[in-house]
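Summary of structural features
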Amino acid sequence: MASPNFKIREIEAEDTLIKLYSLETDVEVEKFSLEVGKDSIEIFNRIFGKYPYGQYSIVMTEFPTGMEYPGLVFIGKEFFQKYYKNQLEIVIVHETAHQWWYGGVVGNDQIDEAWLDEALASYSEVIYMSERYGEEKGKEYYDYSLKTSYEYGKDIISQDKRVLKPLSEFSGWDDYGLLVYTKGAMFLGEIEREFGKEALYDILNKYYNQYKFYIGTTEDFFKNM
Ligand SMILES: [Zn+2]
């Protein structure tokens, strides 16, 4: 993170300056990463509420996949290749969504209520796909990345399929990933299916605006729903 060798590229998304810190990558991939950051911020600004910090850094790191921090995200360097553009896009979108959910603005208890930021960040990927490429693409993405993986995985994880429980009660990574990220995001998908996109967007926007710079809980989220 402190390397003096980073190459820095910038782009503006409304009034947020986005900086990409990368090492020896393809110029096209760098430009693409910045565009994804820009599109994510603009889409989430419009739907969830405004990102308040004026600056956002996307940093290529040795850390696998991605990790969110306030105003800054790690993106695994393995994704910065032409062949992995689709995965790179989703990791950037997911970590950027965490700026709204947990990492930057609305806080939550990640140990006891992990779904509250991970399911929201995962479903934000679906929202991005749908807003960026059209509803058909959003639906396609939902079906293969959430529904299908849950259908395939649900029989090999533990019997206890509750999404809302402390981390210590999950049997392992597969269990945690499939329940918290996937099934949790499908819960938001169900709301959209039952009540419509506007209703879901409204719930997320109100939750964000009501709890920004505070800690939100599942109870708060349900009350808002
Ligand atoms: Zn996440």
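Treat the numbers as computed from the prediction; the structure is a model and nothing was measured. (Residues numbered from 1 in each chain as written. Predicted model: local features only at pLDDT ≥ 70, side-chain atom pairs only at ≥ 80, totals over all residues. Heavy atoms only, no water.)

1. Some remarks on unusual backbone geometry
The test is simple: Counting from the N terminus, the helices are DSSP H or I runs at least four residues long and the strands are E runs at least two residues long.
Unusually for a residue other than glycine, E24 sits at a positive phi of about 40°. Relative to the helices and strands, E24 resides in the loop between β2 (16-22) and α1 (27-47). One non-glycine residue with positive phi stands out, namely F213, at about 70°. Note on placement: F213 falls in the loop between α6 (197-211) and α7 (218-224).

2. Digging into the environment of E12
Going by this rule: Any two residues having at least one pair of non-hydrogen atoms within 4.5 Å are treated as being in contact.
Following the sequence through the fold, E12 ends up in strand β1 (residues 7-13). C-alpha of E12 to C-alpha of Q55: the two residues are 43 residues apart in sequence and 9.1 Å apart in space. The contact partners of E12, leaving out residues within four places of it in the chain, are L17, K38 and E42.

3. Digging into the sheet that holds β1
The condition that has to hold: Any two strands with at least two DSSP bridges between them are considered paired. In this description, a line fitted to the C-alpha atoms serves as the axis of each element, helices being fitted only across the stretch in contact, and the angle between N-to-C directions of two axes falls anywhere from 0 to 180 degrees.
Sheet architecture is open: five strands sit in the order β1-β2-β3-β5-β4, paired in mixed fashion. A single partner strand is all that each edge strand has here, and the edge strands are β1 and β4 (66-69). Averaged over all neighbouring strand pairs, the angle between strand axes comes to 15°, with direction disregarded. Across five bridges, strand β3 (residues 55-61) lies against strand β5 (residues 72-76) in parallel orientation. By the bridge assignment, S57 is partnered in β5 with L72. Where helix α2 (residues 85-97) meets the sheet, its contacts fall on β3, β4 and β5, and the angle it forms with β5 comes to roughly 155°.

4. A word on the coordination of the zinc ion
The condition that has to hold: In this description, a donor is an N, O or S atom within 2.8 Å of the metal centre, a cutoff extended to 3.2 Å for sodium, potassium and calcium. Water is not part of the atom list, which can make sites seem incomplete.
Looking at the zinc ion, the protein donor atoms are H94 (NE2), H98 (NE2) and E118 (OE), and they sit 2.0 Å from it. Sequence spacing among the residues donating to the zinc ion works out to H-x3-H-x19-E.

5. Describing the packing of α1 against α2
We apply this condition: Orientation categories follow fixed angle ranges, with anything under 35 degrees roughly parallel, anything over 145 roughly antiparallel, 65 to 115 roughly perpendicular, and all other angles oblique. Should the near helix be turned counterclockwise from the far one by less than a right angle, the crossing is left-handed, whereas a clockwise turn marks it as right-handed. Gly is put with the polar residues, along with every residue not named as nonpolar or charged; the nonpolar set is Ala, Val, Leu, Ile, Met, Phe, Trp, Tyr, Cys and Pro, and the charged set is Asp, Glu, Lys and Arg.
Running from amino to carboxyl end, α1 crosses α2 at an angle of 40°, the nearest separation of the two axes being 9 Å. The pairing of α1 with α2 is recorded here as oblique in orientation. Handedness of the α1/α2 crossing: right-handed. Here V29, F32, S33, V36, G37, S40, I41 and F44 of α1 come into contact with α2, specifically with K85, L88, E89, I92, V93, T96 and A97. For the contact of α1 with α2, the per-class residue count stands at nine nonpolar, four polar and two charged.

6. Topic: the packing of α2 against helix α3 (residues 115-133)
A packed helix pair is summarised by two numbers, namely the angle formed by the two axes and the spacing between the axes. Interaxial distance between α2 and α3 falls to 8 Å at its minimum, and their mutual angle equals 120°. Here α2 is positioned oblique relative to α3, judged by the angle of their axes. Helix-helix and strand crossings are classified by hand; for α2 and α3 the assignment is right-handed. Residue-level contacts link E89, I90, V93, H94 and A97 of α2 to E118, A121, S122, S124, E125, Y128, M129 and Y133 of α3.

7. Quick look at the nonpolar core
Applied cut-off: Residues grouped as a nonpolar core are buried Ala, Val, Leu, Ile, Met, Phe, Trp, Tyr and Cys residues, joined through side-chain atoms within 4.5 Å. A 1.4 Å probe rolled over the protein chains alone gives each residue an accessible area, and that area as a share of the maximum for its type sets the label: buried under 20%, exposed over 50%, partly exposed in between.
Membership of the largest hydrophobic core comes to 65 residues, with the highest contact counts inside it found for W101, Y123 and F221. Here this core takes ten residues from α3, the largest share from any one element. In contact with Y123, other than residues within four places in its own chain, are Y142, L146, A185, L188, G189, E192 and L200.

8. Regarding the side chain of T96
By the element assignment, T96 lies in helix α2. Classification of T96 as buried rests on a relative accessible area of 0%. Residues within four places of T96 in sequence aside, it is in contact with S40, I41 and Y56.

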